[in-house]
Amino acid sequence: MTDKRTGISRRAIVRTSLTLQLAIAFVIISLAAVAMLSLLTAVMGSSDIESQDTMRREAVTANLAALAGGAFQANHGFTHADLGPASDLGIRTGTGVMVKDDAGRVVAQTPGFAKLSPKPEFTAPIRVNGVDVGQVVTRFSGNSAIGTTGRALRTSLLRAIGGAAGLAALLALIAGVIAARIITGPLLQMIATVRSRGAGVRGARVGPVRAPGEIAELAAAFDEMADSTDRQEQLRRDLVADVAHELRTPVAVLQAGHEALLDGVAEPTPEELGSLRDEVLRLARMVSDLQDMAAAEAAALHLQLVPCDLAEMAVEAADSMAGRFDAAGLAFERQVKPVTVRADPRWLPHVIMNLLTNALKYTPAGGTVTLDCGPVPDGARAVLTVTDTGIGISRDELPHIFERFWRSQHVLRTSGSGIGLAIVREMVQAHDGELRATSQEGQGTTMTMTLPRA
């Protein structure tokens, strides 16, 4: 999309803004660190240079005191002492020199000494044979050799700090731009993928990205979300196709039967009307199953999990089914042990009833259905199994029994829509449980449900 006032695409605005903001943030942080380091280096360097200047001034003052002491000793006093060497040294180094005797009287001083600033001023005693016979006072002008050397050192230090700071700022700018692009590149790739999916490209994926860990995880999570969304969309499409396929047959039979009655091709005999009624009942069962499936999906999102005795719910379901098992000529055995699980008491009995109903439906007379319930050996989970000696499920068909609207070729004449086990598994998974099936054709089936204990 393009801004009408500027003609710049909104994507370009986002890219420029994000990249520059990150780069500027990196540069500001780097410059702040460089500035602080440079300031500390300058302060500490100047302090070291000042200390060195002080030491040199003290050394010059001590040398002048030694020269004055030598002149005093050679002439037995300051009256005829030759202080010229000391004055010459002061003049050569740009140092003002004043020599005093032990009474504090000025014996000699260099021209212009009084005009020099007394800060800094250094004093050194003149000792002859361990006795103080006077002192030397020195003052240093800005043009002294020591002052010139100090200024040169400070200038060199500041230039070095400035050059290093400039180079560091340049490197910080380059690193900031590179880091910003590393961060924003994958984000822009994800934005493009989102736009593509919004435009209807369902196969659009971010794919592998070279980015910091969190951004790479975000890209991977987005692709996983896209895959899950596509799977859900495919399931919805399959559901619509399956429902349409299942409804087509009874609707076609009803339509053909009614048209035959209206056209007078068939007579409204009890057999004909009964056939049409069977198709209506089939439709009613299918609609009821679809309602159950919708209710189960809604309940999976709003389960109220509380501690429940799984054995108690299993016994109640078994008691309600006992009459039906007797009528079908089946032996019904139960082996239950108390075990508490976290479950929704509104829906878990429905799951158990569905498992028992399937076992009843596909076990011929004279067979046996067994209900077992109790804790597993590790104690962390509870298990409920329903075992029958019915017709069983073939190895090829076993992986499909939990699919919606799937029915075995061996039971097509048995009433049902093929979504009962799909509902049961969805409810068990909503309880953080697992439902497994094992079977051998002609020998029976075992349904095993495991749930976490409370």
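Quick look at the structure, then. Please read these numbers as outputs of a predicted model, since none were measured by experiment.

### Comments concerning the environment of Gly94
In step 1: Examined against the element boundaries, Gly94 turns out to sit in the loop between α2 (84-92) and β1 (95-101).
In step 2: For Gly94, a relative accessible area of 23% corresponds to the partly exposed category.
In step 3: The sequence separation of Gly94 and Ser141 amounts to 47 residues, and the corresponding C-alpha distance is 6.4 Å.

### Examining the side chain of Asp223
In step 1: Assignment of secondary structure puts Asp223 in helix α4 (residues 213-263).
In step 2: Summary of buried charges: Asp223 has no salt-bridge partner, and the nearest side chain of opposite charge, Arg205, is 5.0 Å away.
In step 3: Setting aside chain neighbours within four positions, we find Asp223 in contact with Arg205, Val206 and Gly207.

### Remarks on the pairing of strand β3 (residues 121-128)
In step 1: In terms of strand pairing, β3 meets strand β4 (residues 131-140) through eight bridges, oriented antiparallel. Paired with Thr123 across the two strands is Val137, which belongs to β4.
In step 2: Counting the residues between successive antiparallel strands, the hairpin from β3 to β4 contains two residues, one of them, Asn129, with a positive phi of roughly 55°.

### Re the side chain of Thr385
In step 1: With respect to the helices and strands, Thr385 occurs in strand β9 (residues 381-388).
In step 2: Using a relative accessible area of 15% as the deciding quantity, one classes Thr385 as buried.
In step 3: The contact partners of Thr385, leaving out residues within four places of it in the chain, are Thr370, Leu371, Asp372, Thr446, Met447 and Thr448.

### As for the environment of His350
In step 1: Position of His350 relative to the elements: it lies in helix α7 (residues 348-361).
In step 2: Sequence separation between His350 and Met427 is 77 residues, and the spatial gap between their C-alpha atoms is 9.4 Å.

### Observations regarding the sheet that holds β1
In step 1: Spatially, the four strands line up as an open sheet ordered β2-β1-β4-β3, and their pairing is antiparallel. Looking at the sheet topology across the chains shown, the edges are occupied by β2 (106-109) and β3. The sheet shows a mean angle of 20° between the axes of neighbouring strands, direction not considered.
In step 2: Alignment of β1 against β2, held across three bridges, turns out to be antiparallel.

### Focus on the pattern of salt bridges
In step 1: In this structure the tally under the stated criterion is nine salt bridges.
In step 2: In this structure, Asp132 and Arg127 form a salt bridge, with 3.0 Å as the shortest nitrogen-oxygen distance.
In step 3: By relative accessible area, which is 41% here, Asp132 ends up partly exposed.
In step 4: Residue Arg127 is classed as exposed on the basis of its relative accessible area, which comes to 52%.

Conventions used here
- Residues numbered from 1 in each chain as written.
- Predicted model: local features only at pLDDT ≥ 70, side-chain atom pairs only at ≥ 80, totals over all residues.
- Heavy atoms only, no water.
- Helix = DSSP H or I, 4+ residues; strand = E, 2+ residues; numbered from the N terminus.
- Buried < 20%, exposed > 50% of the residue type's maximum accessible area, 1.4 Å probe, protein only.
- Lys, Arg positive; Asp, Glu negative; His and termini not counted.
- Salt bridge = Lys/Arg side-chain N within 4 Å of Asp/Glu carboxyl O.
- Contact = heavy atoms within 4.5 Å.
- Pairing = 2+ DSSP bridges.
- Axes fitted to C-alpha atoms, helices over the stretch in contact; angles between N-to-C directions.

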